[in-house]
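In case you want the letters, here they are:
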Amino acid sequence: NKTPPPDDVAAFSDVLSHSKHILVLSGAGLSAASGIPTFRDAGGLWRKYDVRTLATPQAWGENQSRVWQFYHYRREIALKVQPNAAHVAIAKLSIPTFREKVAPNADFTHVTQNIDGLFTRAYSDVLASLPESEQGTTAVAPLESFFFEMHGRLFDVECTAHDCKHREMIMTSPICPGLAGTELLVEEGTERVVRRADLPRCSQCGQLARPGVVWFGEKPHRVQDIMDLAKQADLCIIVGTSSIVQPASRIGGIVKEHGGKVAVFNVDRSNHDDEADFLFLGPCEVLLPQVLH
Ligand code: BJW
Ligand code: ZN
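Residues numbered from 1 in each chain as written. Chains lettered and ligands numbered in written order. Predicted model: local features only at pLDDT ≥ 70, side-chain atom pairs only at ≥ 80, totals over all residues.

Participant: Teacher, can you tell me more about the overall build of the protein here?
Facilitator: Scanning the protein for helices and strands turns up 12 helices and 11 strands. A compact globule built from 293 residues would reach a C-alpha radius of gyration of about 19 Å, and the protein, at 20 Å, matches this within 12%. Over its C-alpha atoms, taken along the principal directions, the protein stretches across nearly 60 × 40 × 30 Å. Within the span of the protein, comprising 293 residues, buried residues form 38% of the whole. (Helix = DSSP H or I, 4+ residues; strand = E, 2+ residues; numbered from the N terminus. Rg over C-alpha atoms; globule rule 2.2 N^0.38 Å. Buried ≥ 20, exposed ≤ 12 C-beta atoms within 10 Å, placed from the backbone.)

And the structure:
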């Protein structure tokens, strides 16, 4: 499964080389090889809880201590792991110096459902590896202009006070003393209750802060911009997502409706992949570097 049929690679490279608007959509499978668990593959549990039930406003309403411990645990993992070859392959495609070799006429956007910040780190690493003379010229497009983190960011916190809503990035480990060490409690029944006063607070108004991520029932970031990009894209590369969660799961279909091609990279069959023009089944950290460069 690990080496795709050469005909498919050749046909894909041809489409890539003629493309004008490339849209990459990524999900948890992109970061799997870095050691970040996915949501819906085997497991999907933290302590005894289904991670899907924790990523909800209901869970937050019921138990802020538990939800903060879940996100604290994931922050600590994300701080320890490294971007993998799939992040690097996409980062290269986002940088004109590299992209001009495989898709000379294309612009590029990356929409991710991931909150782990690993793509940003891979992008910085790839940029830093360029000769100094090129760093200035390729870095002209700010990352936010072509990289959309639609489900928020693990290192962002957002104030829960409606008249404040202050949002900021906090990378410190632990995020606050009250959560320190709770990432080590993995056994069922060892739950610690962190008092509300000891959970992360807003630096502006002192009220309770929440993780800066998008839970079920909440509106993802920049949805309208993303849907507009999908209408324009002539090539959509879908990487490591089960394509179950809306509205991200609709992006491939929108690209197709507007005449674009869709390529899916996934270790397994995924939702809607029967509609893909190219299906590269295998680990994206192996296949993307082979197929994109
Ligand atoms: C590899 C690999 C390797 C492994 N190489 N591949 C009924 C009730 C209530 C709500 C709804 C409902 N029906 C529909 C909804 C809407 C809901 C929804 O879609 N629910 C479905 C589950 C049915 N969606 C929402 O609520 C969204 N909001 C919304 O729709 O607002 C309305 C609106 C829209 C537009 C405009 C205005 C208003 C919000 C969704 C928020 C999702 N949040 C989470 C948590 C984020 C924070 C956190 O991380 O904790 O986002 S849930 C979780 O799922 C996370 C992920 O980003 C998201 C997608 O998961 P992903 O990335 O696909 O991961 P997996 O695990 O599912 O798949 C991994 C894949 O990788 C697998 O296919 C593997 O095979 C593969 N893989 N290793 C390649 N090495
Ligand atoms: Zn505040």
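Participant: Explain the nonpolar core here, please?
Facilitator: A general tendency of soluble globular proteins is for nonpolar side chains to be buried together. In terms of nonpolar packing, the biggest core is built from 48 residues, with Leu23, Cys236, Phe265 and Leu288 touching the most fellow members. When residues in this core are grouped by element, the largest group, 6 residues, is from helix H12 (residues 284-292). When neighbours within four sequence positions are excluded, Phe265 is seen to be in contact with Ile237, Ile238, Val239, Gly240, Phe280, Cys284, Leu287 and Leu288. In this structure, Trp68, Tyr71, Ile115 and Leu199 belong to the second largest nonpolar core, which totals 15 residues. (Core = buried A, V, L, I, M, F, W, Y, C linked by C-beta atoms within 7 Å. Contact = placed C-beta atoms within 7 Å.)

Participant: What is the right way to look at the sheet that holds strand S10 (residues 261-266) in this model?
Facilitator: Sheet strands pair by backbone hydrogen bonding; their relative direction is either parallel or antiparallel. Read across the open sheet, the 6 strands follow the order S5-S4-S1-S9-S10-S11; overall the sheet is parallel. Looking at the sheet topology across the chains shown, the edges are occupied by strand S5 (147-149) and strand S11 (278-281). Going across the sheet, the axis of each strand differs from the next one's by a mean of 15°, ignoring polarity. Note that strand S1 (residues 21-26) and strand S9 (residues 235-239) share 5 bridges and pair parallel. Paired with Val24 across the two strands is Ile237, which belongs to S9. (Pairing = 2+ DSSP bridges. Axes fitted to C-alpha atoms, helices over the stretch in contact; angles between N-to-C directions.)

Participant: What should I look at first to understand the site of ligand 1 in this one?
Facilitator: Taken together, 37 residues lie near ligand 1, and Gly27, Gly29, Phe39, Gln113 and Ser242 sit nearest. Considering only residue class, the shell around ligand 1 consists of 19 nonpolar, 12 polar and 6 charged. The residue makeup of the shell around ligand 1 includes at least three contributed by each of domain 1 (1-36 + 86-151 + 220-293) and domain 2 (39-80 + 153-213). (Near = placed C-beta within 6 Å. Nonpolar A, V, L, I, M, F, W, Y, C, P; charged D, E, K, R; others polar. Domains from an automatic or database assignment.)

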